[in-house]
Amino acid sequence: KGEGYLSIIVFGASGDLAKKKIFPAIFSLYCQGFLPHDKVQIFGYARSALTNNDLRDQLSRYLHVRAKAQPMTSSLPHAERFLSLITYISGPYNVEEGYQKLEQVIVHHEMLRAGKDGQTGRLFYLALPPSVYLQVGRNIKAYCMNTRGWNRVVLEKPFGKDLDSSNQLSSELGGLFAEEQIYRIDHYLGKEAVQNLLVLRFSNRIIQPLWSRDHVDNVQIVFKEDFGTEGRGGYFDEYGIVRDVIQNHLVQVLCLIAMEKPASLSPECIRDEKLKVLKCVEGIRHSEVVLGQYDGYLDDPTVPKGSNTPTFASIVLRICNERWDGVPFIIKAGKALDRRKGQRRGRNEFVIRLQPAEAMYMKFTVKRPGLDMSTTQSEMDLSFLQRYKGIVIPEAYERLFLDIMRGDQKHFVRRDELETSFG
Ligand code: BG6
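Residues numbered from 1 in each chain as written. Predicted model: local features only at pLDDT ≥ 70, side-chain atom pairs only at ≥ 80, totals over all residues. Heavy atoms only, no water.

Caption draft 1: The packing of aromatic side chains, seen in detail. The full count for this structure, using the stated rule, is 14 aromatic pairs. Ring geometry for phenylalanine 11 versus tyrosine 45: centroids 5.3 Å apart, planes at 55 degrees, classification tilted. Note that phenylalanine 11 is positioned in strand β1 (residues 5–11) and tyrosine 45 in strand β2 (residues 40–46), a separation of 34 residues in sequence. Each member of the pair, phenylalanine 11 together with tyrosine 45, is buried. (Phe/Tyr/Trp six-rings, centres within 6.5 Å; stacked < 30°, edge-to-face > 60°. Helix = DSSP H or I, 4+ residues; strand = E, 2+ residues; numbered from the N terminus. Buried < 20%, exposed > 50% of the residue type's maximum accessible area, 1.4 Å probe, protein only.)

Structure, rendered in structure tokens:
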């Protein structure tokens, strides 16, 4: 808290991601005192011709104060105060004038608030489709870099479609910014239960010896959504479920489940261990892939006619190392699925539910209460909301945004990790 003066620049400020996730995350941090009013200024940049008030009005619908966000109690005055920090600048992404104007406005506020010598940082958030990353990156580099403090550039997946396009994007971005300046966001790494994986695994000695091929028959990482593309069909259809959630979110979860204990909790040590897991993943066998598309996908008007893009995939990944050799990691992901859960009897199942309603439970076979000596499966259950009454679990974006402000890349994807995950 309270270090220097910060300019937050959100590109794509009028888009869905910015409105629904980024601004609310910044607002929540603001309400909790992580962004002192006199030490921050927020700039929204996008193509739409909007006034400051138009953008503020649009955003105000999405700003909610969480019950426990202290010391604030009622949202309205805080939301208004927060919105007053936002300046909107409209401009195209490929034309330098827009960036020159942006630079002027940023500098104006920096001079006003931090003076000539104050410490400053600039956080550029690209809430944009990857097709414009490079032009925006080049223009930031040419016109908007902070010369007296740090610069950090935040990118959203997808970081390319395949190994070649991802490598190309990485090397072009790498020509503009240093790896320490690039924050590749995978919001799954900001989820409470995902972060808990490291603690659970490495702070409980009882788990250590069980967590391997000697005791684990298979690992299933399942992502089910009970809604379809909902107007995002244009984007989704280009990528499909594998690139949309498996190659990134679920593979990241796999890494955290499978990795060895890092030498320390430093960002590099954690990412080194994840990288080692990725390097041991064998090629996917065609016979172990199932693809599907939900009925009605083609009815979404944003989906191109006759598309055969998969909305469901089941893939087996095998990690060829001492710990996991022979244990299939079954990854299943699908949109517009029901919530039915399969269950097998007579074995111990350890379930980590990332969402909804974070929980961890272990299924044991126990004696059914009564005179008979019959058995049943029961759970030892840790449901977060029941166990930690009144707790508010931070949003993934909120936590990750705080990490960016602090310059902590632990929960962001490193370039070599990204490359290996495509490989
Ligand atoms: C996004 C995908 O990255 O993650 C979406 O593009 C998906 O298709 C979403 O719905 C899921 O995120 P969450 O946090 O709702 O599980």
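Caption draft 2: Helix α5 (residues 133–144), seen in detail. When we look at burial in α5, the residues that qualify are Tyr133, Leu134, Val136, Gly137, Asn139, Ile140 and Cys144. Tucked inside the fold, the buried residues of α5 contact β1, α4 (96–114), β4 (120–126), β5 (149–156) and α6 (163–176). (Contact = heavy atoms within 4.5 Å.)

Caption draft 3: Region of interest: α6. Over its 14 residues, α6 runs 20 Å from end to end, which matches the ideal 20 Å to within 8%, given 1.5 Å per residue. Buried within α6 we find Ser166, Leu169, Ser170, Leu173 and Leu176. Each buried residue of α6 sits inside an arc of 120 degrees when the element is viewed along its axis, so together they form one side. Opposite the buried face of α6, at more than 90 degrees from it, the exposed residues are Asp164 and Gly175. Residues of α6 that are buried sit in contact with α5, β5, β6 (182–185) and α12 (415–422). (Expected span 1.5 Å × (residues − 1). Arc of directions from axis to C-beta.)

Caption draft 4: Main features of the sheet that holds strand β8 (residues 289–292). Taking strand neighbours across the sheet as the criterion, the 4 strands line up as β7-β10-β9-β8 in an open arrangement whose pairing is mixed. Each having just a single partner strand, β7 (219–224) and β8 make up the two edges of the open sheet. For this sheet the average axis-to-axis angle between neighbouring strands, irrespective of direction, equals 10 degrees. Bridge count between β8 and strand β9 (residues 312–318): 4 bridges; the pairing is antiparallel. Its bridge partner being in β9, valine 289 is matched across the sheet by isoleucine 315. (Pairing = 2+ DSSP bridges. Axes fitted to C-alpha atoms, helices over the stretch in contact; angles between N-to-C directions.)

Caption draft 5: Structural detail: the packing of α6 against α12. Relative orientation of the contacting elements α6 and α12 amounts to 165 degrees, with a least axis distance of 9 Å. Classified by the angle their axes make, α6 and α12 are roughly antiparallel. Helix-helix and strand crossings are classified by hand; for α6 and α12 the assignment is left-handed. Residues Leu163, Ser166, Asn167, Ser170, Ser171 and Gly174 of α6 pack against Arg415, Leu418, Glu419 and Phe422 of α12. Along the lines of polarity and charge, the residues of the contact of α6 with α12 split into 3 nonpolar, 5 polar and 2 charged. (Parallel < 35°, antiparallel > 145°, perpendicular 65-115°, else oblique. Left-handed = near helix turned anticlockwise from the far one by under 90°. Nonpolar A, V, L, I, M, F, W, Y, C, P; charged D, E, K, R; others polar.)

Caption draft 6: Quick look at the pattern of salt bridges. Considering all chains together, one arrives at 22 salt bridges under this definition. Salt-bridge contacts for aspartate 244 lead to lysine 157; the nearest nitrogen and oxygen are separated by 3.2 Å. Taken as a pair, aspartate 244 in helix α8 (residues 233–258) and lysine 157 in the loop between β5 and α6 lie far apart in primary sequence, 87 residues in all. By relative accessible area, lysine 157 is classed as buried at 16%. Overlapping salt bridges, with partners in common, bring together Glu268, Arg271, Asp272, Arg414 and Asp416 in one network. (Salt bridge = Lys/Arg side-chain N within 4 Å of Asp/Glu carboxyl O.)

Caption draft 7: Inspection of the side chain of glutamine 252 at higher detail. Secondary-structure assignment places glutamine 252 in helix α8. Judged by its relative accessible area of 7%, glutamine 252 falls in the buried class. With sequence-adjacent residues up to four places away left out, glutamine 252 is seen in contact with Asp186, Leu189, Lys274, Val413 and Glu417.

Caption draft 8: Here's a closer look at a nonpolar patch on the surface. Among the surface-exposed residues, Leu385, Tyr388 and Ile391 lie close enough to one another that they form a single nonpolar patch of about 290 Å² accessible area. By the secondary structure assignment, tyrosine 388 is in the loop between α10 (384–387) and α11 (396–406). Given the relative accessible area of 37%, tyrosine 388 is considered partly exposed. (Patch = residues over 30% accessible without salt bridge, like charges linked within 9 Å, V, L, I, M, F, W, Y side chains within 5 Å. Areas by Shrake-Rupley, 256 points an atom, 1.4 Å probe, with all protein chains shown as cover.)

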